[in-house]
Amino acid sequence: MMHVIRSSGAQERAWVRRLLIGVALAFMLLFLVLPLAAVFAEALRKGWSAYGQALQEPEAWSAIRLTLIVAAIAVPLNLVFGVAAAWAVAKFEFRGKAILITLIDLPFSVSPVVAGLVYVLVFGAQGWLGPWLAAHDIKVIFAIPGIVLATVFVTFPFIARELIPLMQAQGSEEEQAAMVLGATGWQTFWRVTLPNIKWGLLYGVILCNARAMGEFGAVSVVSGHIRGQTNTMPLHVEILYNEYQSVAAFAVASLLALLALLTLVIKTVVQWRHARELQALAAAQSSSHPAAQSKDWAATLIITTAGPLRA
C-alpha cells in the first residue's frame with residue numbers, strides 16, 4: 001500500500017516537474033529566443049553587404065565608440081564606489097548606515113527618465129549650475145559628461161548590491177585576524193578581502209557593464225540626440241528605426257545583442273570557475289586531517305602569509 005502511494009507521489013512530482021520545465025522553455029522561446037532571432041533575421045534581410053554597410057557608417061561608428069567610452073568610464077567608477085560602499089556597510093557600524101543602503105537602492109526605484117531630468121535641472125542651461133558652467137565654458141548636458149553621469153547613476157547599485165550580502169555572510173573575523181598579525185588596512189584588503197569577494201565582484205562588474213551599454217532612458221534625456229556626437233548605440237537604433245531604416249537599425253541592434261550574448265557567456269564562465277573553485281576547496285578540506293578541518297581556511301592562509309603581511 002505504502003509502495004503504491006510512494007509510486008503515485010513520485011509520478012505526480014515527475015509530471016509537475018515536466019510541466020514546469022515545459023512552461024519555462026515555452027516562455028523563453030516566445031519572449032527571448034524568437035525576438036532575438038527576429039533581430040538577426042531582420043538585420044540580414046538584405047544580405048551581408050547591407051549589414052556591413054550599416055555598421056560602417058560614420059554615425060554608427062561614433063555611436064559604438066561612444067557606448068564603449070561611456071562603459072569604460074562608468075564601470076571603473078562604479079567598481080570603486082561599489083567596493084567601498086559594500087565594505088563600509090558589511091564590515092562597520094556607523095550612523096547613517098540605513099540611509100547609505102537606501103541611497104544605493106535609489107536607482108532601482110527611480111525611473112531613468114526622471115534621473116535624466118534631474119541632471120538637466122541641475123546642469124542644464126537654465127538649471128542650478130547652468131549659468132556657472134556656461135560662464136566657464138563647461139558642457140555637461142548634451143555632452144559626454146552628462147551621458148557618463150546618467151550612466152553612473154543608473155548602474156552604481158549593481159556592484160554594491162552584489163557584494164553586500166556576500167561580505168555580510170563572510171563576516172569580519174578574517175580581517176580582524178589579519179590586523180592582529182600586523183597587516184595594514186591595504187594589505188588586509190588586497191590579501192584577505194579581495195580574494196574572498198573576487199567572483200562576486202567580477203559578476204557585479206559584468207552586470208554593470210551590460211546595463212551601461214544598454215541604457216536608454218536617462219541617456220536619451222541628457223544626450224540631446226546629436227548625431228555623430230552624443231548618440232549611443234541604443235539611441236542610434238531609435239533614430240534609424242524612426243527614419244524607416246529598418247535594416248540599419250536592426251544591424252546596430254544585433255551588435256548590441258551580440259554584446260549581451262558575450263556578457264552572458266562571460267557570466268557563465270565566471271559561475272563555472274567559481275563552482276570549480278568551491279568544489280576543489282571542499283575536496284581539499286574533506287581530504288585533510290580532521291584536526292585541520294576545524295581551522296578556517298582563510299585564517300590558515302593569513303597565518304601562512306604572516307611574514308609578507310608584516311613586511
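Up top is the structure these notes are about.
Predicted model, so just to flag it, every value in this text is computed and none were measured.

Engineer: An account of helix 12 (residues 233–242) is requested, with residue identities and associated values reported.
Structural biologist: With respect to burial, helix 12 is a largely interior element, 7 of its 10 residues being buried. Within the span of helix 12, buried status applies to Met233, Pro234, Leu235, His236, Val237, Ile239 and Leu240.

Engineer: So what's going on with the packing of aromatic side chains? Residues and values would help.
Structural biologist: Taken as a whole and assessed by the stated rule, the structure comprises 11 aromatic pairs. Geometrically, the ring pair formed by phenylalanine 108 and phenylalanine 158 is edge-to-face, given 5.8 Å between the ring centres and 85° between the ring planes. Of this pair, phenylalanine 108 sits in helix 4 (residues 97–109) while phenylalanine 158 is found in helix 8 (residues 157–170), placing the two residues 50 residues apart along the sequence.

Engineer: Now, about empty space enclosed by the protein: what can you tell me, with residues and values included?
Structural biologist: Tallying each qualifying case throughout the model produces 1 cavity of 30 Å³ or more. Counted as a void, the largest cavity has a volume near 30 Å³. Lining of the largest cavity is provided by Thr67, Val70, Thr151, Ala212, Glu215, Val219 and Thr232. Taken together, the residues of the lining of the largest cavity sort by class into 3 nonpolar, 3 polar and 1 charged.

Engineer: Run through the nonpolar core, naming residues and quoting values.
Structural biologist: If you look at the biggest cluster of nonpolar residues, it comprises 19 residues, and the most contacted ones within it are Val70, Tyr119, Ile141, Ile147, Phe153 and Val222. Of all the secondary structure elements, the ones that give two or more residues to this core are helix 3 (58–91), helix 5 (112–123), helix 7 (144–155) and helix 11 (217–223). No other element matches helix 7, which puts 6 residues into this core. Those residues in contact with isoleucine 141, other than ones at most four positions away along the chain, are Tyr119, Val120, Phe123, Gly124 and Val222. Core analysis: the next-biggest nonpolar cluster, separate from the first, contains 17 residues, Val75, Phe158, Phe189 and Leu201 among them.

The rules behind each value
Residues numbered from 1 in each chain as written. Predicted model: local features only at pLDDT ≥ 70, side-chain atom pairs only at ≥ 80, totals over all residues. Heavy atoms only, no water. Buried < 20%, exposed > 50% of the residue type's maximum accessible area, 1.4 Å probe, protein only. Helix = DSSP H or I, 4+ residues; strand = E, 2+ residues; numbered from the N terminus. Phe/Tyr/Trp six-rings, centres within 6.5 Å; stacked < 30°, edge-to-face > 60°. 1 Å grid on protein atoms, 1.4 Å probe; cavity = no way out; pocket = protein on both sides within 12 Å on 5 of 7 lines; lining within 4 Å. Points joined across faces, edges and corners; volume = space filled by probe spheres on them. Nonpolar A, V, L, I, M, F, W, Y, C, P; charged D, E, K, R; others polar. Core = buried A, V, L, I, M, F, W, Y, C linked by side-chain atoms within 4.5 Å. Contact = heavy atoms within 4.5 Å.

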